[in-house]
Amino acid sequence: MSLIRIEHIAKIYQVGSEEVHALRDVSLTINKNEYVAIMGPSGSGKSTLMNILGCLDTPTKGLYIFDEENVSQMNDNELAQIRNRQIGFVFQTFNLLPRSNALHNVELPLIYAGIPTHERKERAIAALDKVGLGDRMDHKPNELSGGQRQRVAVARALVTEPSIILADEPTGNLDTKTGEDIMLLFNELNDQGNTIILVTHEEYIAEHAQRIIRLRDGLVESDKEVDKRVKPKENGVASN
Amino acid sequence: MRSYLFELKEGLLISLKAIRANKIRSVLTTLGIIIGVWAVVTMSTAIQGIDQAFQKGVSSLGSDNLYIDKWAWFNNDIPWWELRNRKNLSMDDYEKYAQMAKLPQAIAPTQWTRQTVTHDEKSLEFVNIQGTIDDYIRTTNLSFSDGRFFNELESKGSRNVAVLGHEIANKLFDNSYIVNQYIRIKGQKFKVIGVLEEQGSWVMGDFNPDNQVFVPIGTVFKYMQRENSRSITINVRAASSLDIDNVKEEAVAVMRRVRGLTYDQKNDFSINQQEGLLSAINDTVGVIQVAGLFITGLALFVGAIGIMNIMFVSVKERTKEIGIRKAIGAKRRTILGQFISESAVICLLGGMIGLGLALLSSLIMNQIDFPTTVQVDAVVLAVVISVMTGIFSGLAPAYTAAKMDPVEALRYE
Ligand SMILES: Nc1ncnc2c1ncn2[C@@H]1O[C@H](COP(=O)(O)OP(=O)(O)O)[C@@H](O)[C@H]1O
Ligand SMILES: [Mg+2]
């Protein structure tokens, strides 16, 4: 069953008198429980596509259907609501509130969802436990390592129980080992039934996914299932 | 509604956090508001104090009193040269009026002069001396802490007796045995026969009975000032304030006869009463109020601009934070509320400090005998004004924050 359907999406930036075609014509369907990696050289439009899928940005042209709803026609408020309830975003640079501790950072989306304090705390603590940071709740981001920060960000993305988790180069600012740990976390989340789209330009990271979409110059270059018989997940970790 | 309250609470918590993170800046920012609110509260209490003092002064004139005089005290419609050219009111005029007027409860002429008053080594300069007759006391509500007013005999005989106002007595005498002691005015010995209770209306200056000395009017003419060199004033007391219009009407008619005016001549005397003073005072207080409001309004406005400025800086600095909040689902309205409530809370804190300062300065003012108390309404005023200022100055910065594009905000470094 399709969770995301985009048709002929284009995104054009106006830079001075010049038009930059970040996305030219992209059509995709992504189903529930899928684990998709998006790859491509720098500047190929990966982040632009993720921002559109994540309802952070709107396409210049094209249709976007999210869970049978037409996102292309939504106003700012409705988009904010979708971001809050349906989407969990994980960024390359973590994007945590620097002055708030881990618990408050994870609580934040629940605050915007209007969840009462007591339930909010409970759910945030559960999410932090899930990413293995139950003992770091009152640490501020600058008191945590890069990997731990990204775990807080994943917990924040999870806590609202979104329909999909979008991660734009989540391991880009981490060393290989820590990156692998985060990837294992994503594997686990996918196993538990979460839909995940992940941007990366590392092949070994992409191989955690079931499907790899390659972009080039704002177009889909290829869209393939990963052959799991050749590279099972566990071996993937070991061989790198 | 419930979710709105919830958002408000969360917005306030977030803003308190942000304020705590920028303590020094927040304090500096609120300086303008502190001063503004301090000015507003102090000004409004001071104006209230002035107004109360005026009203008290007015009521000491008595609402059932008339003062027939050559001069119009509060009325500016008659040109001063016309007033000047009027014939002085004389003791003759008084006597004729007193004979013909039937309605007043009491009538007394007064003549004032400024003299130096001494007792032993102590001396007071430019004391307001009121020359009058025994009936004067019946035109007032004055009360005595000791002794009495002069009687008909002493008055008619122009005896050297004096009644002292509270302040004068305090300044001239160290002990409380004042009655039957002697003071000197213009070299003449006067026996003190009475001391007035404190009347306590500071604003009337030396027209306040506290600062006056009362003597028989004959002694004034004998020793201090030639009779008829200045106009006397005729103090008239009606039986009640309901009666005052009748008494006034009669006074006009009688005085026209006394002064020998023909039907086509204008009154060459004025009948003064509290009402005239009241409206004059209300005008004055009104002017003070407008000026005060303008000045304090200006202070607040400068404060508001300061807050607005710093809020703009804050929004700019926290662009990334705004991006993060939007990315995880904060609506425009939520961001708007967050920054407006931050600005309102900053201003409210400033306002509370300003209010504290105002309370302090009111204590100090009370020390120097300026009767002010910060009323509940001043507190409410301070709270309302500071919150309003906060909302006003937070509006534009908050709007800038709310309409930021999340993707661009996230890219901001
Ligand atoms: N806000 C923007 N204004 C102008 N050009 C942009 C903007 N965002 C992205 N681009 C351009 O769009 C293209 C795709 O960018 P992006 O999606 O970030 O690529 P990727 O994430 O694959 O590296 C690039 O050429 C980039 O310069
Ligand atoms: Mg990118």
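Scroll up for the structure.
Every chain is numbered on its own, with residues counted from 1 as its sequence reads. Starting at A for chains and at 1 for ligands, labels are handed out in the order in which the entities are written. Where local features are concerned, this predicted model is filtered to residues with pLDDT of at least 70; where side-chain atom pairs are given and counted, the filter is 80 or more; whole-chain, interface and lining totals use all residues. Hydrogens and waters are ignored; side-chain quantities use all the structure's heavy atoms.

**Q** If you had to explain the overall build of chain B to someone new, which residues and values would you point to?
**A** Regarding its fold elements, chain B presents 13 helices and ten strands. Here the globule rule reads 2.2 Å times residues to the power 0.38, and the radius of gyration is calculated from C-alpha atoms. Over its C-alpha atoms chain B spans a radius of gyration of 32 Å, topping by over 25% the 22 Å that the globule rule assigns to 413 residues. Each principal axis of the C-alpha atoms in chain B carries an extent, and together these give about 100 × 55 × 40 Å. Residue burial in chain B is summarised as follows: out of 413 residues, 49% are buried. Note on contacts: a residue pair qualifies if any of its non-hydrogen atoms lie within 4.5 Å across the two residues. The contacts in chain B between residues at least 6 apart in sequence include a share of 76% that link residues at least 24 apart. Element-wise, carbon and sulfur atoms account for 58% of the exposed surface of chain B, whose accessible area totals about 20600 Å². Under the counting rule used here, the positive set is Lys and Arg, the negative set is Asp and Glu, and His together with the chain ends is not counted. Where a charge sits is defined by one atom per residue type, namely NZ (Lys), CZ (Arg), CG (Asp) or CD (Glu). The average position of the 43 basic charges and that of the 41 acidic charges among the side chains of chain B differ by 7 Å. Only DSSP runs of H or I with at least four residues qualify as helices, and only runs of E with at least two residues qualify as strands; both kinds are numbered from the N terminus onward. Three exposure classes are used, based on accessible area relative to the maximum for each residue type with a 1.4 Å probe and protein chains only: buried under 20%, partly exposed in between, and exposed over 50%. To measure how exposed things are, a 1.4 Å probe is used in the Shrake-Rupley method; for residues, cover is taken only from the protein chains shown.

**Q** Account for the overall build of chain A, naming residues and giving values.
**A** When helices and strands are counted, chain A shows eight helices and ten strands. Radius of gyration (C-alpha) of chain A: 18 Å, near the 18 Å computed for a compact globule of 240 residues. Each principal axis of the C-alpha distribution contributes one length, and for chain A these read about 45 × 45 × 40 Å. Burial statistics for chain A: of 240 residues in total, 52% are counted as buried. Of the roughly 10600 Å² that chain A leaves accessible, carbon and sulfur atoms contribute 45%.

**Q** Residue-level account of the site of ligand 1, with values.
**A** Around ligand 1 sit 13 residues in total, of which Gly43, Gly45, Lys46, Ser47 and Thr48 of chain A are the nearest. More than one chain reaches ligand 1: its neighbouring residues belong to chains A and B. Two N or O atoms form a polar contact when they lie within 3.5 Å of each other; inside protein one atom must be a possible hydrogen donor and the other a possible acceptor, and for residues adjacent in sequence the pair counts only when both atoms belong to side chains. At 3.1 Å, a backbone N or O of Gly45 of chain A approaches an oxygen atom of ligand 1. Residue Ser47 of chain A places a side-chain N or O atom 2.7 Å away from an oxygen atom belonging to ligand 1. Protein burial of ligand 1: of its 560 Å² of free accessible surface, 71% is covered by the chains. Definitions used throughout: a 1 Å grid over protein atoms alone; a cavity as a set of points that fits a 1.4 Å probe which cannot get out; a pocket as an open set with protein on both sides within 12 Å along at least five of seven lines; a lining residue as one with an atom within 4 Å of a point. Being in a pocket or cavity means that more than half of the molecule's atoms lie within 2 Å of its grid points. Placement of ligand 1 is best described as lying within the second largest pocket. Element by element, the count of residues in the shell around ligand 1 is highest for helix α1 (residues 46-53) of chain A, at three residues. When residues are grouped by polarity, Ala, Val, Leu, Ile, Met, Phe, Trp, Tyr, Cys and Pro land in nonpolar, Asp, Glu, Lys and Arg in charged, and all others, Gly among them, in polar. Classifying every residue of the shell around ligand 1 gives five nonpolar, six polar and two charged. Residues are counted as near a molecule or strand when any one of their heavy atoms sits within 4 Å of it.

**Q** Which residues make up the nonpolar core, and what values go with them?
**A** If you look at the biggest cluster of nonpolar residues, it comprises 68 residues, and the most contacted ones within it are Ile4, Ile6, Leu49, Tyr64 and Ile197 of chain A. The element contributing the most residues to this core is helix α11 (residues 332-367) of chain B, with eight residues. The residues touching Ile6 of chain A, leaving out its near neighbours within four places in the chain, are Val26, Ser27, Leu28, Leu49, Leu53, Leu63 and Tyr64 of chain A. The nonpolar core is taken to be a set of buried Ala, Val, Leu, Ile, Met, Phe, Trp, Tyr and Cys residues, with the residues joined through side-chain atoms within 4.5 Å. Within the second largest apolar cluster, 54 residues are counted, among which are Leu124, Ile129, Ile185 and Met255 of chain B.

**Q** Please give an account of the interface of chain A and chain B that cites residues and values.
**A** Of the residues lining the interface, 27 residues belong to chain A; the matching set on chain B comes to 23 residues. Here the buried area means the combined drop in accessible surface, using a 1.4 Å probe, for two parts upon being joined, counting both sides. Its largest share of buried area at the contact with chain B, chain A owes to Leu56, Arg99 and Tyr112 of chain A, together 28% of the area lost on that side. We count a salt bridge whenever a side-chain nitrogen from Lys or Arg sits within 4 Å of a carboxyl oxygen from Asp or Glu. Note that Arg99 of chain A and Glu321 of chain B form a salt bridge whose closest N and O atoms lie 3.7 Å from each other. Along the contact surface separating chain A from chain B lie six residue pairs in polar contact (both at pLDDT 80 or more). Among the elements of the structure, α2 (76-85), α3 (102-112) and α4 (117-130) of chain A are those that each provide at least two residues to the side of chain A that touches chain B.

**Q** Could you give me a rundown of the side chain of Lys331 of chain B, with the residues and numbers involved?
**A** Tracing the backbone shows Lys331 of chain B in the loop between α10 (319-327) and α11. A relative accessible area of 16% places Lys331 of chain B in the buried class. Separated by 3.0 Å, the side chains of Lys331 of chain B and Gln81 of chain A make a polar contact. Among residues more than four places away in sequence, those in contact with Lys331 of chain B are Asn77, Ala80 and Gln81 of chain A.

**Q** Outline the sheet that holds strand β4 (residues 61-66) of chain A, supporting the account with residue identities and numerical values.
**A** Strand pairing in a sheet relies on backbone hydrogen bonds, with the paired strands running either antiparallel or parallel. Residue and element names in this part refer to chain A. By the convention used here, strands pair only if DSSP detects at least 2 bridges between them. Strand order in the open sheet formed by four strands is β2-β1-β4-β5, and the pairing between neighbours is antiparallel. Of all strands in the sheet, those with a lone pairing partner are β2 (18-31) and β5 (69-70), marking the two edges. As judged from the five bridges shared by strand β1 (residues 2-15) and β4, these two strands associate in the antiparallel manner. Residue pairing across strands places Ala10 opposite Lys61, the latter belonging to β4. Where helices are involved, their axes are fitted lines through C-alpha atoms of the stretch in contact, as for all axes, and angles between N-to-C directions lie from 0 to 180°. Contacting β1, β2 and β4, α1 runs over the sheet at an angle of about 125° to β1.

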